[in-house]
Protein chains: 2
Amino acid sequence: MQYKLVFVGFGNVARALARLLVRKQAVLEKEYGITFSVTGIATGKHGFAVREGGLDIQKALKLVEEGESISPLSEAPVKDSLEVIRKSRAEVMFENSPVNHSTGQPAIDHVRAALEAGMHAITANKGTVVHGYRELTALARSRGRKFLFESTVLGGSPVFSVFREAMPAAELLSFRGVLNSTTNIILSRMEKGETFDQAVKYCQSIGVAETDPSADVDGWDAAIKVAALVTVLMDLPCLPQQVERQGIRDIKPEDIKQAAAKGRRYKLVCSAERKGDKVSARVRPELVPVSDPLYGMEDSTTGVAFRTDVLGDYSIIESEREGMVAGPEPTAYGLFADFVNAVKRGD
Amino acid sequence: MQYKLVFVGFGNVARALARLLVRKQAVLEKEYGITFSVTGIATGKHGFAVREGGLDIQKALKLVEEGESISPLSEAPVKDSLEVIRKSRAEVMFENSPVNHSTGQPAIDHVRAALEAGMHAITANKGTVVHGYRELTALARSRGRKFLFESTVLGGSPVFSVFREAMPAAELLSFRGVLNSTTNIILSRMEKGETFDQAVKYCQSIGVAETDPSADVDGWDAAIKVAALVTVLMDLPCLPQQVERQGIRDIKPEDIKQAAAKGRRYKLVCSAERKGDKVSARVRPELVPVSDPLYGMEDSTTGVAFRTDVLGDYSIIESEREGMVAGPEPTAYGLFADFVNAVKRGD
């Protein structure tokens, strides 16, 4: 079947997704009977475009990457994201606007508009999950569509879909992991002798920390991911503000040295435990020994161990590959996988 | 919908599955609309029984565990497994007969008979995968049924279903892991000062090693699991005999001490790498440093890191929980998950 796609947000991740779709075109058609065209793109700084017969993806990528506007590609004037969604007449929307941790907007409006127009809505935006999961999931169900967000936790590595598709009727009791790669890189570099400030500067230089690194180092990004996992996998609504939170600012190089002398390491540990219909969730630095599965997660490696009522502890870890710089490709793959899962039917 | 189930083999794993199905009855009905009855059981030593209206599961469990025959529960005389499969008129068969590494029989005949009778066939038997994957999968497809085997690798933890359901169109390039828990327990205990023979005796005492420990310590169990992963996930038929194989018999306590002094550990490493339409696959002891994800897999913990063309390295680890003795429950859950996945339709 042919699917029309609309992109809201066309930054690094969305563009990596566009490239991945093109690269996987043959296998999508052969294995899943999926073909596609892109009928709408809304960008933050490079204009808007819709075309019912399909936009030229390569041209759109080139224009944005050269700092030009994509508006000349449009067959009709469009003035904002919501209009692009409507006029695209797409079956699938990919939402990749910037995250707003405190309200989830405007991403939630984009997802709502897409679902109401009968599209599947797929996003890498954590704000939509912690601020809109129940409403948007109910809306999707009522329209016979999917609201999916695999890329919000552990890059694009399968986590939500593992529980949804591969662990039926399992009850999640607790989890524990490392969810924020920036703080993990900082701690790994401090172990090698850098100061906190030097390590933060390094992360800024490779593009994994913002100018104001507070979202990472004060544990907000980790807390929003904990809240997303609790909200979805334990089916208990949880806001980032409800996660007990302590960042890594107070860890001194001396603390790290002393820990190393005892064969231990600091990790910014994310955990949650269900107690009936309540959950206790926290983000805080902990000293972990070599025997702890978190000990081996160095640099940008992140992962979570899940405790259920049916298996031994089940851990999922995404490690950066040697020599590979963290890029948008894994996150793009999570969106890609959500797309295939949303439209495929049992064979 | 109501499903009739038939059990071929009614040992520890199959009985744990029967108990799990009973425990999860309410959630199966509520979340998936699944109800079930058991219309046939074939055992190795405790007879055979069929009953179209459903056998009394608790009575069957009790009889087998008290060493009695289940034949009195049967509404008609049945003389062997194939007759139980046929007469059960079930929709789903669970195959748990003993593994035959060199031919996969009689499990393959059981799976074939079930699929030909229009049943889904679900098994924890590795022999069926390495000796029958292509044939049985094609047969299942031609009948609109499923042949599933999640429990054959990493206990019942999701691996095959993660690739099938959660990682569409991903290409597996290579993998590396620890797949045999008995040898891993032996190596962990030798690190704590036991001799090889003492560690083997311990494994025999807790029921994880056979009287003849050769299948584990010479790497055959690991090799058959490597062959299963290659056969299914790389879609390249691979027999255990085609896996380069070296066991752990030659590792001396001195070797382990010397390694520890250098911060290293022996692991029986299972790996495979795809090269075009060929694969090089091996099982052999390797010295791994602390920074290696395999280093932290102690005792009965097993796991694999998968390298694909779309993500960072994606690892799945199943750890024994503190204080829990390895039991049949996780393997039973893998069969349970296959059942739900075989019969559920997209919602």
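Here we summarise the structure given alongside this text.

About the thresholds
Residues numbered from 1 in each chain as written. Chains lettered and ligands numbered in written order. Predicted model: local features only at pLDDT ≥ 70, side-chain atom pairs only at ≥ 80, totals over all residues. Heavy atoms only, no water. Helix = DSSP H or I, 4+ residues; strand = E, 2+ residues; numbered from the N terminus. Buried < 20%, exposed > 50% of the residue type's maximum accessible area, 1.4 Å probe, protein only. Contact = heavy atoms within 4.5 Å. Areas by Shrake-Rupley, 256 points an atom, 1.4 Å probe, with all protein chains shown as cover. Lys, Arg positive; Asp, Glu negative; His and termini not counted. Charge placed at Lys NZ, Arg CZ, Asp CG, Glu CD. Pairing = 2+ DSSP bridges. Least-squares fit on C-alpha atoms with pLDDT ≥ 70 in both. Polar contact = N/O pair within 3.5 Å; in protein donor to acceptor, adjacent residues only side chain to side chain. Buried area = accessible area lost by both parts, 1.4 Å probe. Salt bridge = Lys/Arg side-chain N within 4 Å of Asp/Glu carboxyl O. Nonpolar A, V, L, I, M, F, W, Y, C, P; charged D, E, K, R; others polar. Core = buried A, V, L, I, M, F, W, Y, C linked by side-chain atoms within 4.5 Å. Axes fitted to C-alpha atoms, helices over the stretch in contact; angles between N-to-C directions. Parallel < 35°, antiparallel > 145°, perpendicular 65-115°, else oblique. Left-handed = near helix turned anticlockwise from the far one by under 90°.

**Here's the deal with the overall build of chain A**
Okay, step 1: Helices and strands together make up the secondary structure of chain A, namely 13 helices and twelve strands.
Okay, step 2: If you line up chain A on its principal axes, its C-alpha atoms span 65 × 45 × 35 Å.
Okay, step 3: Relative to its 347 residues, chain A shows a buried fraction of 58%.
Okay, step 4: Taking the intrachain contacts of chain A between residues at least 6 apart in sequence as the baseline, contacts between residues at least 24 apart amount to 68%.
Okay, step 5: Accessible area for chain A stands at about 14400 Å²; split by element, carbon and sulfur atoms hold 48% of it.
Okay, step 6: The averaged location of the 45 negative side-chain charges in chain A is 2 Å from the averaged location of its 44 positive side-chain charges.

**Considering the sheet that holds strand E4 (residues 92-95) of chain A**
Within a sheet, adjacent strands bond to each other through the backbone by hydrogen bonds, running parallel or antiparallel.
Okay, step 1: Sheet architecture is open: six strands sit in the order E3-E2-E1-E4-E5-E6 (chain A), paired in mixed fashion. Looking at strand neighbours, the two that pair on one side only are strand E3 (48-50) and strand E6 (147-148) of chain A, the edges of this open sheet.

**With respect to the relation of the copies chain B and chain A**
Okay, step 1: With an RMSD of 0.0 Å, the operation that places chain B on chain A is a rotation of 180° combined with a shift of 0.0 Å along the axis. Overall, the copies show the geometry of a two-fold rotation axis. Looking at the rotation axis and the C-alpha trace of chain B, the residue lying nearest is Ile316(B), at 2.5 Å.
Okay, step 2: Take the interface residues of chain B: 100% of them recur as interface residues in chain A, which is what a same-surface contact looks like.

**Considering helix H8 (residues 181-191) of chain A**
Residue and element names in this part refer to chain A.
Okay, step 1: Extensive coverage of H8 is indicated by the burial of eight of its eleven residues.
Okay, step 2: Here H8 has its buried residues at Thr 182, Thr 183, Asn 184, Ile 185, Ile 186, Leu 187, Ser 188 and Met 190.
Okay, step 3: The backbone nitrogen of Thr 182 has a side-chain oxygen 3.3 Å away, supplied by the residue at the start of H8, namely Asn 180.

**Looking at the interface of chain B and chain A**
Bring the parts together and some accessible area is lost; that lost area is often taken as the interface size.
Okay, step 1: Taken together, the contacts link 47 residues of chain B with 47 residues of chain A.
Okay, step 2: Summing both sides of the interface, chain B and chain A together bury roughly 4100 Å²; the carbon and sulfur share of this comes to 49%.
Okay, step 3: Of all residues in chain B, Pro168(B), Arg321(B) and Tyr333(B) give up the largest surface area on contact with chain A, accounting jointly for 16% of the area buried on that side.
Okay, step 4: Applying the counting rule to chain B against chain A returns six salt bridges.
Okay, step 5: There are 22 residue pairs in polar contact (both at pLDDT 80 or more) connecting chain B and chain A.
Okay, step 6: Contributing elements (two or more residues each) for the side of chain B that touches chain A: helix H1 (12-23), helix H2 (25-32), helix H7 (160-166), strand E11 (302-308), strand E12 (313-319) and helix H13 (329-343) of chain B.
Okay, step 7: Here the residues of the side of chain B that touches chain A sort into 22 nonpolar, nine polar and 16 charged.
Okay, step 8: Pairing of strand E12 (residues 313-319) of chain A with E12(B) involves seven bridges; the strand directions are antiparallel.

**Brief notes about the nonpolar core**
Okay, step 1: In this structure, Phe7(A) and Phe7(B) are the most contacted members of the largest nonpolar core, which totals 227 residues.
Okay, step 2: Excluding its chain neighbours within four sequence positions, the residues that come into contact with Phe7(A) are Ala14(A), Leu17(A), Ala18(A), Leu21(A), Val38(A), Gly40(A), Ile41(A), Ala42(A) and Phe94(A).
Okay, step 3: The next biggest cluster of nonpolar side chains, apart from the first, holds 14 residues, and it includes Val269(A), Val269(B), Val288(B) and Tyr295(B).

**Details of helix H4 (residues 81-88) of chain A**
Residue and element names in this part refer to chain A.
Okay, step 1: What H4 keeps buried is the set Ser 81, Glu 83, Val 84, Ile 85 and Ser 88.
Okay, step 2: Those residues of H4 that are buried are in contact with strand E1 (2-8), strand E2 (35-42), E3, E4 and helix H5 (107-116).
Okay, step 3: Capping the start of H4, Asp 80 holds a side-chain oxygen 3.3 Å from the backbone nitrogen of Leu 82, two or three residues further along.
Okay, step 4: Count one or two residues on from H4 and you reach Arg 89, which has phi positive near 50°.

**Some thoughts on the side chain of Arg265(A)**
Residues and elements named next belong to chain A.
Okay, step 1: Structurally, Arg 265 is set in strand E9 (residues 264-275).
Okay, step 2: Only 3.1 Å separates the side chain of Arg 265 from the side chain of Glu 191, close enough to count as a polar contact.
Okay, step 3: When neighbours within four sequence positions are excluded, Arg 265 is seen to be in contact with Glu 191, Glu 286, Leu 287, Val 288, Tyr 295, Gly 296 and Glu 298.

**A look at the packing of H4(A) against H5(A)**
Residues and elements named next belong to chain A.
Okay, step 1: For the pair H4 and H5, the least separation of the axes is 10 Å and the interaxial angle reads 20°. Judged by the inter-axis angle, H4 sits roughly parallel to H5. Crossing geometry of H4 relative to H5 is assigned as right-handed. Residue-level inspection shows Ser 81, Leu 82 and Ile 85 of H4 in contact with H5, the latter providing Asp 109, His 110, Ala 113 and Ala 114.
Okay, step 2: Residues that form the contact of H4 with H5 fall into these classes: four nonpolar, two polar and one charged.

**A look at the environment of Lys62(A)**
Residues and elements named next belong to chain A.
Okay, step 1: With respect to the secondary-structure elements, Lys 62 resides in helix H3 (residues 57-65).
Okay, step 2: For Lys 62, a relative accessible area of 53% gives the class exposed.
Okay, step 3: Separated by 204 residues in the primary sequence, Lys 62 and Tyr 266 place their C-alpha atoms 43 Å from one another.

**Some details on the pattern of salt bridges**
Opposite charge on two side chains permits them to pair, given that their charged atoms come into close proximity.
Okay, step 1: Throughout the structure, instances matching the rule amount to 54 salt bridges over all chains.
Okay, step 2: Residue Lys344(B) is joined to Glu165(A) by a salt bridge in which the shortest nitrogen-to-oxygen separation is 3.7 Å. Of this pair, Lys344(B) sits in the segment after H13 while Glu165(A) sits in helix H7 (residues 160-166), which puts the two residues in different chains.
Okay, step 3: For Asp313(A), the salt bridge goes to Arg307(A), with nearest N and O atoms at 2.7 Å.
Okay, step 4: Residue classification places Asp313(A) among the buried positions, given a relative accessible area of 13%.

**Considering the sheet that holds strand E9 (residues 264-275) of chain B**
Okay, step 1: The twelve strands are arranged E8(A)-E10(A)-E9(A)-E7(A)-E11(A)-E12(A)-E12(B)-E11(B)-E7(B)-E9(B)-E10(B)-E8(B) in an open sheet whose pairing can be described as mixed. Of all the strands in the sheet, just strand E8 (244-245) of chain A together with strand E8 (244-245) of chain B have a single pairing partner and so form its edges.
Okay, step 2: By the bridge criterion, six bridges tie strand E7 (residues 172-178) of chain B to E11(B) in an arrangement that is antiparallel. Residue pairing in the sheet places Ser174(B) in a bridge with Arg307(B) of E11(B).
Okay, step 3: On top of the sheet, helix H12 (residues 253-261) of chain A reaches E9 and strand E10 (278-289) of chain A; it is set at about 90° to E9(A), its chief contact.
Okay, step 4: Each of E7, E9 and E11 of chain B touches helix H8 (residues 181-191) of chain B; the most contacted strand, E9(B), lies at about 150° to it.

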